[in-house]
Amino acid sequence: MLRGALGKTFRLLGYTIQYGCIAHCAFEYVGGVVMCSGPSMEPTIQNSDIVFAENLSRHFYGIQRGDIVIAKSPNDPKSNICKRVIGLEGDKILTNSSSDFFKSHSYVPTGHVWLEGDNLKNSTDSRYYGPIPYGLIRGRIFFKIWPLSDFGFLRDSPNGYRFSDD
Amino acid sequence: MAQSQGWVRRYLKAFCKGFFVAVPVAVTFLDRVACVARVEGSSMQPSLNPGGSQSSDVVLLNHWKVRNFEVQRGDIVSLVSPKNPEQKIIKRVIALEGDIVKTIGHKNRYVKVPRGHIWVEGDHHGHSFDSNSFGPVSLGLLHAHATHILWPPERWQKLESVLPPERLPVQSEEK
């Protein structure tokens, strides 16, 4: 009876490891479901929305301006941030709001991106901690699953950015 | 006729079963536990690649040790290059968050390492593209901790976490 129980335990362990590894490969290389919290991406993504993130763009370096990405927080590697890509390397970024008299701008360094939340009044983003390295990006959010009233692909930025190739 | 068909089906079934078990497990192991890598360049001489281009060291990279982003001063770590995300660089950790370092060739003489960042340098100062060029790096870019040299066999050794005394931080934050 002990041998039967031991055999069952090992088989259970084997299946757990196998499915755990398949889950890791799926999340790491394909994508997964994510729950977002916080007000920094309103109205595009509200608090406690559930979205679908894909990781293929990151691996193939296909992240573009206007994409909403999940990235590791530069000041806390254990937490994630969810923001929109405003500038890629080499882009010119306005670092002051347009109401200021003196507009100052800077260029995004190589290997970095500039992120901003859609809710500009309530978002800690690159305007606070500067451009972040591309290597911190974990995935691209492109589809909202919950709430069902807002099911579908995500909208463009409400802040009027025009992402033409200039 | 029925016998040969049965053989093919059994073979295919065994192959699929092996494939879907072996590949994810192997990939997860290489991503999460440990992998090996060849070191190129001279930025970590004399600790790594002392022979220059003649022979490249192969090191064991331990992901498991850095799964909680815990590193010590003096560790040799691999990280994603902040200037080129397609490349990984291997350097020594000189300072942790809160430390003040005296830089070599950086635009500021003294730099305080911000929260969630580390300061890395190659052992071969002057021939190294490290924090003296690109500043402190975010811990999120940490890839693995290089623990042993595996090849060539005469250089088989455990890599020690030593901090050269002249590179000690000027001031450390007490944890």
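Keep in mind it's a predicted model, so treat the numbers as computed, not measured.

**Observations concerning the overall build of chain A**
Working step 1: Each helix and strand counted, chain A has three helices and ten strands in total.
Working step 2: Listed by position from the N terminus, the elements making up chain A come as α-β-β-α-β-β-β-β-β-α-β-β-β.
Working step 3: Dimensions of chain A, computed from C-alpha atoms along their principal axes, come out at roughly 80 × 40 × 25 Å.
Working step 4: Burial analysis of chain A (166 residues in total) assigns 40% to the buried set.
Working step 5: Counted over contacts in chain A with a minimum sequence separation of 6, partners at least 24 positions apart contribute 53%.
Working step 6: In the structure as shown, chain A presents an accessible area of about 9,900 Å², 59% of it carried by carbon and sulfur atoms.
Working step 7: One finds the centroid of the 18 positive side-chain charges in chain A at a distance of 9 Å from the centroid of its 16 negative side-chain charges.

**What about the packing of aromatic side chains?**
Residues and elements named next belong to chain A.
Working step 1: Within this structure, the stated rule accounts for twelve aromatic pairs over all chains.
Working step 2: Plain terms: the ring middles of Tyr15 and Tyr19 are 6.2 Å apart, the flat faces sit at 20° to each other, and that makes the pair stacked. Of this pair, Tyr15 and Tyr19 both sit in helix H1 (residues 2-29), four residues apart, roughly one helical turn.
Working step 3: Look at Tyr15 and you get partly exposed, because its relative accessible area is 44%.

**Examining the nonpolar core**
Working step 1: Grouped together as the largest cluster of nonpolar side chains are 15 residues, with contacts concentrated most on Ile63, Val69, Val85, Val113, Leu115, Ile132 and Ile137 of chain A.
Working step 2: Of all the secondary structure elements, the ones that give two or more residues to this core are strand E3 (68-73), strand E4 (76-87) and strand E7 (112-116) of chain A.
Working step 3: With 14 residues, the next largest nonpolar core counts Val71, Leu79, Val93 and Ile118 of chain B among its residues.

**Some details on the environment of Val58 of chain B**
Residues and elements named next belong to chain B.
Working step 1: Relative to the elements of secondary structure, Val58 occurs in strand E2 (residues 58-62).
Working step 2: The exposure class assigned to Val58 is buried, which follows from its relative accessible area of 17%.
Working step 3: Along the chain, Val58 and Val27 lie 31 residues apart, while their C-alpha atoms are 20 Å from each other.
Working step 4: Leave out the neighbours within four places in its chain, and Val58 touches Val36, Ala37, Arg38, His148, Ile149, Leu150 and Trp151.

**With respect to the confidence of the model for chain B**
Working step 1: With 97% of its residues at a pLDDT of 70 or more, chain B has an overall mean of 88.
Working step 2: Across the whole predicted complex the pTM is 0.85, and at the interface the ipTM reaches 0.84.

**Looking at the interface of chain B and chain A**
Working step 1: On the side of chain A, 22 residues touch chain B, which itself brings 22 residues to the contact.
Working step 2: Together, the buried faces of chain B and chain A total about 1,900 Å²; carbon and sulfur atoms form 64% of this surface.
Working step 3: On the surface where chain B and chain A come into contact, there are zero salt bridges.
Working step 4: Here chain B and chain A share eight residue pairs in polar contact (both at pLDDT 80 or more) between them.
Working step 5: Looking at the side of chain B that touches chain A element by element, the count peaks at eight residues for helix H1 (residues 2-32) of chain B.

**A short note on the pattern of salt bridges**
Residues and elements named next belong to chain A.
Working step 1: Following the criterion strictly, the structure yields twelve salt bridges over all chains and no others.
Working step 2: In this structure, Arg140 engages Glu54 in a salt bridge whose closest nitrogen and oxygen atoms are separated by 2.7 Å. Here Arg140 is found in strand E9 (residues 137-146), whereas its partner Glu54 is found in strand E2 (residues 50-54), with 86 residues between them in sequence.
Working step 3: By relative accessible area, which is 23% here, Arg140 ends up partly exposed.
Working step 4: Judged by its relative accessible area of 9%, Glu54 falls in the buried class.
Working step 5: Residues joined by salt bridges that share partners form a network here, namely Asp49, Lys144 and Asp150.

**What to know about the UniProt feature "domain: Peptidase S26" (unreviewed entry) in chain A**
Working step 1: In the UniProt entry, the feature "domain: Peptidase S26" (unreviewed entry) is given for residues 20-94 and 101-146 of chain A.
Working step 2: Along residues 20-94 of chain A, the helical share is 19% and the strand share 41%, with 44 Å between the first and last C-alpha atoms.

**Topic: the UniProt feature "domain: Peptidase S26" (unreviewed entry) in chain B**
Residues and elements named next belong to chain B.
Working step 1: The residues that UniProt annotates with the feature "domain: Peptidase S26" (unreviewed entry) are residues 14-103 and 107-151.
Working step 2: Helix makes up 21% of residues 14-103 and strand 29%, with an end-to-end C-alpha separation of 58 Å.
Working step 3: The distance separating the terminal C-alpha atoms of residues 107-151 is 38 Å; by composition the span is 9% helix and 44% strand.

**Observations concerning the pairing of E3 of chain A**
Residues and elements named next belong to chain A.
Working step 1: Most of E3 is tucked away: six of the six residues are buried.
Working step 2: Across six bridges, E3 lies against E4 in antiparallel orientation. Within E4, the position partnered with Ile70 by the bridge is Cys82.
Working step 3: Adjacent in sequence and paired antiparallel, E3 and E4 are bridged by two residues.
Working step 4: Note that E3 and E9 share four bridges and pair antiparallel. Paired with Val69 across the strands is Arg140, a residue of E9.

Parameters and conventions
Position labels on residues start from 1 in each chain and follow its written sequence. Both sets of labels track the order of writing: A upward for chains, 1 upward for ligands. Residue-level local features of this predicted model are given only where pLDDT is at least 70; pairs of side-chain atoms are given and counted only at 80 or more, and the full residue set underlies all totals for whole chains, interfaces and linings. Computation of side-chain values: all heavy atoms of the structure, hydrogens and water removed. Only runs of H or I of at least four residues qualify as helices and only runs of E of at least two qualify as strands under DSSP, and these elements are numbered from the N terminus. We call a residue buried when its accessible area falls under 20% of the maximum for its residue type, exposed when it is over 50%, and partly exposed in between, using a 1.4 Å probe and counting protein chains only. Any two residues having at least one pair of non-hydrogen atoms within 4.5 Å are treated as being in contact. Using a 1.4 Å probe, accessible areas were evaluated by the Shrake-Rupley method; residue-level cover was limited to the displayed protein chains. We treat Lys and Arg as the positive residues and Asp and Glu as the negative residues; His and chain ends play no part in the count. To locate a charge, take NZ of a lysine, CZ of an arginine, CG of an aspartate or CD of a glutamate. Between the rings of Phe, Tyr and Trp (Trp by its six-membered ring), a pair exists once the centres lie within 6.5 Å; its type follows the angle of the planes, with under 30 degrees stacked, over 60 edge-to-face, and the other angles tilted. Side-chain atoms within 4.5 Å are what join buried Ala, Val, Leu, Ile, Met, Phe, Trp, Tyr and Cys residues into a set we call a nonpolar core. Residue-level confidence of the predictor is what pLDDT reports, using numbers from 0 through 100. When two components associate, each loses some accessible surface as probed by a 1.4 Å sphere; the sum of these losses over both components is called the buried area. Here, a salt bridge means any Lys or Arg side-chain nitrogen found within 4 Å of an Asp or Glu carboxyl oxygen. By the criterion applied in these results, polar contacts are pairs of N or O atoms within 3.5 Å in which, for protein atoms, one can donate a hydrogen and the other can accept it, and in which residues neighboring in sequence qualify only through two side-chain atoms. UniProt positions are given in the numbering used here, feature names are shortened, and annotations may be inferred rather than shown by experiment. Here a strand pair is declared whenever DSSP counts at least two bridges between the two strands.

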